[in-house]
Amino acid sequence: MSQARVLLDVEGLSKHFGGVQAVLDLSFQVREGEILGVIGPNGSGKTTTFHLITGFHQPDRGRVQFDGRDITGRSPHEVCALGMCRTFQVAKPFPEITVHRNVLMGALLRCPDPTRAAVRADEVLARVGLEGRAAMAAGSLTTIDQRRLEVARALATEPKLLLLDETMAGLNPTEVDEAMRLIVRLRDQGLTVVVVEHVMRAVMSLSDRIVVLNQGAKITEGSPQEVVADPRVIQAYLGKEYDRA
Amino acid sequence: MSRKPRAESREPRAARGGASVKGALTPERYVPAGILVFLLVLPYLMPNPFYVHIIVMMAIFVVLGGAWNILSGYAGQLSLGHAAFFGTGAYVSILLVNAYGVSPWITLWLGGLVALVLSLPVGLICFRLQGPYFTIATIGLAEALRLLVLHFREITNGAQGLTVPYKGNAPWLLQFDSKMPYYYIALAMAIGVLLITRRMERSRLGHYLVAIGQNQDAAEALGIDSAKAKRQALMLSAFLSGMGGVFYAQYTYVIHPDGAFGLGLSIQIAMAAIVGGVGTILGPAIGAVIMGLFTQSTQIIFAGQYPGLELLVYGGLLVAVILWRPRGVFPLFERLYQGLVARLPGAGGGRA
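Please read these numbers as outputs of a predicted model, since none were measured by experiment.

## Digging into the overall build of chain A
In step 1: For chain A, the helix and strand inventory stands at nine helices and ten strands.
In step 2: Taken over the C-alpha trace, chain A has a radius of gyration of 18 Å; the compact-globule value for 245 residues is 18 Å, and the two agree within 12%.
In step 3: For the C-alpha atoms alone, the extent of chain A along its principal axes is close to 55 × 40 × 40 Å.
In step 4: Sorting the 245 residues of chain A into buried and exposed places 47% on the buried side.
In step 5: Restricting to contacts in chain A with at least 6 residues of sequence separation, those with at least 24 account for 63%.

This is how it looks when you write it as structure tokens:
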């Protein structure tokens, strides 16, 4: 795994909002074919990092390289077209149109012909288990199905790298298992995945490596076992739960 | 402008009745054909030319409301300055016709083209930002053009406006001694705009505009270049609005700054689409007809006694639509139509 090509290379990324340093000199790499977990307490800069990587925010400093190209400051649609697609922590469905057409919007990126894109959308819906909801208006989906839809739309753009922002928050244990199986399956199909996640059980068993953020900076990085054993992590974040375990 | 999610979804109607037997006389076929025949004979059913004039004006508003709908309806980018494109077309046409004797059949395209060019900087500047900037810019553009036209009096004749000299029956100059030819030209333009809208709705651009109107961030995250899609829609919308302006100017023989660039006209254009139903092919057409009937009846009832009163009634109507029919009256018409089609003889794909 460690010999795999670097797909995403983040170097010295910084961003502040007013007086708040949201992300500070953050560097990490994502290698092709791995699942990278990003964890950290609330407000540690995980979502901001996603925004910076995918072009929704411009970094103050630093560089983002994806698939051998410098994409710093590129707009979100360009980043997506290059093969990096993200989901949103708070789902952003297109509420008034059907679930199927929501996914079609993603599929149109690689299949400009709507008829062919519609077929692709059907396939993607089946992959995430939403085929039964295809004709519903996306705004009337349950929160969990809206998360599935976020993933489905992102998959429809045929990314090389998928960034999942707290896809499992609020899911019950069965649904978490289901989501984990889906992510593993996607990886086995050749996708590289970065997950920002609060559900510890999921991150720990899914991730090949984990990056831990605290107050916008990386405090450590390593395998789940290394991270769990790291005293800085226990202090910053995992202390309460894992001390007792 | 946030919209509540609803259980039913806003979808373009899929090709219904596609399974019907080839050549069978189903209501899906003969009802639209009947409507078309009705529209073709409609001016002959009118008791006098004034009524033909009313339906020509309705057809012009189908063109303008339909053009507005392409950007503002599908992508939710509210324009309150479409008079800018209309007025540009109107002035370009009359100036070219009067100064150089260019045929209005040619200025129809040139006026659209100049309106399109005018829309380019607006699109380039405004669509980088989200929020009300586009709406404000469109109002500002129309107002700036109105003031420019007032200022350059030597060319535009200022507040008095420009007129087309009457040459009698001169088809090459788009002049006819009857209202009938105007009606058929306006009808062709209106149907053309609806067909263009249908084509656009089914294209990738049409889907993208809907996505942008629903949630621009999500659209961007899926690789949709939202600024580019909006620019393309604005170009098409401005072009068609400009053509509408050319036809209006040549039809009425007179154009003046307040009428061509005024906020009132911009609001009327938007109203036609909003009352009818934004983001649908036929909504603006239905809205234009309703607004036309409405304008005429208020003018007849109040008979010019209370100038400006119809604007008050407009406002009331707009509030009513937003409160009770936020998608316009189109869904209502669609249900009625489907009910009709299902009951007429030959329904059910010609199985009988």
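So that's the structure; there's more coming.
## Side note on the pairing of strand β9 (residues 209-214) of chain A
Residues and elements named next belong to chain A.
In step 1: In terms of burial, β9 is largely enclosed, as five of its six residues are buried.
In step 2: Judged from the four bridges that link them, strand β3 (residues 35-39) and β9 form a sheet pairing that is parallel. Residue pairing in the sheet places Leu 36 in a bridge with Arg 209 of β9.
In step 3: Two successive antiparallel strands, β9 and strand β10 (residues 217-222), enclose a turn made up of two residues, where Gln 215 displays a positive phi of approximately 45°.

## Quick notes on helix α7 (residues 180-202) of chain B
Residue and element names in this part refer to chain B.
In step 1: End to end, α7 covers 33 Å across 23 residues, agreeing with the expected 33 Å (1.5 Å per residue, within 8%).
In step 2: Among the residues of α7, Tyr 182, Tyr 183, Ala 186, Leu 187, Met 189, Ala 190, Val 193, Thr 197 and Met 200 are the ones counted as buried.
In step 3: Buried residues belonging to α7 abut α1 (27-45), α2 (49-73), α8 (204-214), α10 (226-252) and α13 (283-302).

## Considerations on the domain arrangement of chain A
Residue and element names in this part refer to chain A.
In step 1: Looking at the assigned domains, one finds that chain A contains domain 1 (1-83 + 173-245) and domain 2 (91-158).
In step 2: A C-alpha centroid distance of 25 Å is found between domain 1 and domain 2.
In step 3: Facing four residues of domain 1, the contacting portion of domain 2 comprises four residues.
In step 4: Only α2 (76-82) and α6 (173-188) provide two or more residues apiece to the side of domain 1 that touches domain 2.

## Here's the deal with the interface of chain B and chain A
In step 1: In this complex, chain B contributes 24 residues to the contact, which on the side of chain A involves 26 residues.
In step 2: Residue classes in the side of chain B that touches chain A are distributed as nine nonpolar, five polar and ten charged.

## Concerning the packing of α2(B) against helix α12 (residues 263-276) of chain B
Residue and element names in this part refer to chain B.
In step 1: It is at 8 Å that the axes of α2 and α12 come closest, and there the two elements cross at 75°. Relative to α12, α2 is oriented roughly perpendicular. Here α2 contributes Phe 61, Leu 64, Gly 65, Trp 68, Asn 69, Ser 72 and Gly 73 to the contact with α12, which in turn contributes Ile 269, Ala 270, Ala 272, Ala 273 and Gly 276.

## Regarding the packing of α7(B) against α10(B)
A packed helix pair is summarised by two numbers, namely the angle formed by the two axes and the spacing between the axes.
Residues and elements named next belong to chain B.
In step 1: Running from N to C, α7 and α10 point in directions that differ by 170°, and their axes come no closer than 12 Å. Taken together, the axis directions place α7 and α10 in an arrangement best described as roughly antiparallel. Contact residues: Tyr 182, Ile 185, Ala 186, Met 189 and Val 193 in α7; Leu 240, Met 243, Phe 247 and Tyr 251 in α10.
In step 2: Counted by class, the contact of α7 with α10 contains nine nonpolar, no polar and no charged residues.

## Points about the nonpolar core
In step 1: Counting 160 residues, the largest nonpolar core has Ala152(A), Val195(A), Ala59(B), Val63(B) and Ala186(B) as its most contacted members.
In step 2: Ranked by residue count, the leading element in this core is α2(B), at 14 residues.

## A look at the environment of Ser223(A)
Residues and elements named next belong to chain A.
In step 1: Along the chain, the position of Ser 223 falls in the loop between β10 and α8 (224-229).
In step 2: Accessibility expressed as a C-beta count within 10 Å gives 12 for Ser 223, which makes it exposed.
In step 3: Along the sequence, Ser 223 and Arg 209 sit 14 residues apart, while their C-alpha atoms lie 4.4 Å from each other.

## Remarks on the sheet that holds strand β2 (residues 20-31) of chain A
Residues and elements named next belong to chain A.
In step 1: Taking strand neighbours across the sheet as the criterion, the four strands line up as β2-β1-β4-β5 in an open arrangement whose pairing is antiparallel. Each edge of the open sheet is held by one strand with a lone partner, namely β2 and β5 (69-70).
In step 2: For strand β1 (residues 6-17) and β2, the ladder comprises eight bridges, and the chain directions are antiparallel. Note that in β2 the partner of Phe 17 across the bridge is Val 20.
In step 3: Sheet strands touched by helix α1 (residues 46-53): β1, β2 and β4 (61-66). Its angle to β2, the strand with the most contacts, is close to 65°.

## Thoughts on the sheet that holds β3(A)
Residue and element names in this part refer to chain A.
In step 1: Ordered by their spatial adjacency, six strands build an open sheet running β6-β7-β8-β3-β9-β10, and the pairing between neighbours is mixed. Among the strands making up the open sheet, the edge pair consists of β6 (84-86) and β10. Along the sheet, successive strands turn relative to each other by an average axial angle of 15°, direction set aside.
In step 2: Two elements, β9 and β10, share five bridges in a ladder whose sense is antiparallel. Bridging across to β10, Val 212 finds its partner in Thr 220.
In step 3: On top of the sheet, α6 reaches β3, β7 (161-165) and β8 (192-196); it is set at about 150° to β8, its chief contact.

## Here we look at the environment of Arg101(A)
Residue and element names in this part refer to chain A.
In step 1: Considering the arrangement of structural elements, one finds Arg 101 in helix α3 (residues 99-107).
In step 2: Judged by local crowding, Arg 101 falls into the buried class, with 26 C-beta atoms found within 10 Å.
In step 3: The spacing of Arg 101 and Pro 114 is 13 residues in sequence and 9.9 Å in space, taken between C-alpha atoms.

## Observations concerning the environment of Phe86(B)
All names here are of chain B.
In step 1: Inspection of the secondary structure puts Phe 86 in helix α3 (residues 83-100).
In step 2: The spatial distance from the C-alpha of Phe 86 to the C-alpha of Val 246 is 7.5 Å, given a sequence separation of 160 residues.
In step 3: The residues contacting Phe 86, other than those within four sequence positions of it, are Leu 64, Ser 241, Gly 244, Gly 245, Ala 260 and Leu 265.

## Describing the pairing of β3(A)
Residues and elements named next belong to chain A.
In step 1: The buried count for β3 comes to five of five residues, which makes it a mostly enclosed element.
In step 2: Every second residue of β3 is oriented toward a common face, with Ile 35, Gly 37 and Ile 39 on one face and Leu 36 and Val 38 on the other, all of them buried.
In step 3: Bridge count between β3 and β8: four bridges; the pairing is parallel. Across the sheet, Leu 36 pairs through a bridge with Val 194, a residue of β8.

## Some words on α2(B)
Given 3.6 residues to a turn, an α-helix orients residues that are three or four positions apart in the same direction.
In step 1: Spanning 25 residues, α2(B) covers 33 Å between terminal C-alpha atoms, matching the ideal 36 Å at 1.5 Å per step.
In step 2: Summarising burial for α2(B): 19 of the 25 residues are buried, a large majority.

## Observations concerning unusual backbone geometry
Residues and elements named next belong to chain A.
In step 1: Of note, the phi angle at Asp 25 is positive, near 45°, even though the residue is not glycine.
In step 2: A tally of 14 C-beta atoms within 10 Å means that Asp 25 is categorised as partly exposed.
In step 3: Within the chain, Gln 215 stands out as a residue other than glycine whose phi angle is a positive 45°.
In step 4: The residue Gln 215 is located in the loop between β9 and β10 in this model.

Criteria and cut-off values
- Residues numbered from 1 in each chain as written.
- Chains lettered and ligands numbered in written order.
- Predicted model: local features only at pLDDT ≥ 70, side-chain atom pairs only at ≥ 80, totals over all residues.
- Helix = DSSP H or I, 4+ residues; strand = E, 2+ residues; numbered from the N terminus.
- Rg over C-alpha atoms; globule rule 2.2 N^0.38 Å.
- Buried ≥ 20, exposed ≤ 12 C-beta atoms within 10 Å, placed from the backbone.
- Contact = placed C-beta atoms within 7 Å.
- Pairing = 2+ DSSP bridges.
- Expected span 1.5 Å × (residues − 1).
- Domains from an automatic or database assignment.
- Nonpolar A, V, L, I, M, F, W, Y, C, P; charged D, E, K, R; others polar.
- Axes fitted to C-alpha atoms, helices over the stretch in contact; angles between N-to-C directions.
- Parallel < 35°, antiparallel > 145°, perpendicular 65-115°, else oblique.
- Core = buried A, V, L, I, M, F, W, Y, C linked by C-beta atoms within 7 Å.

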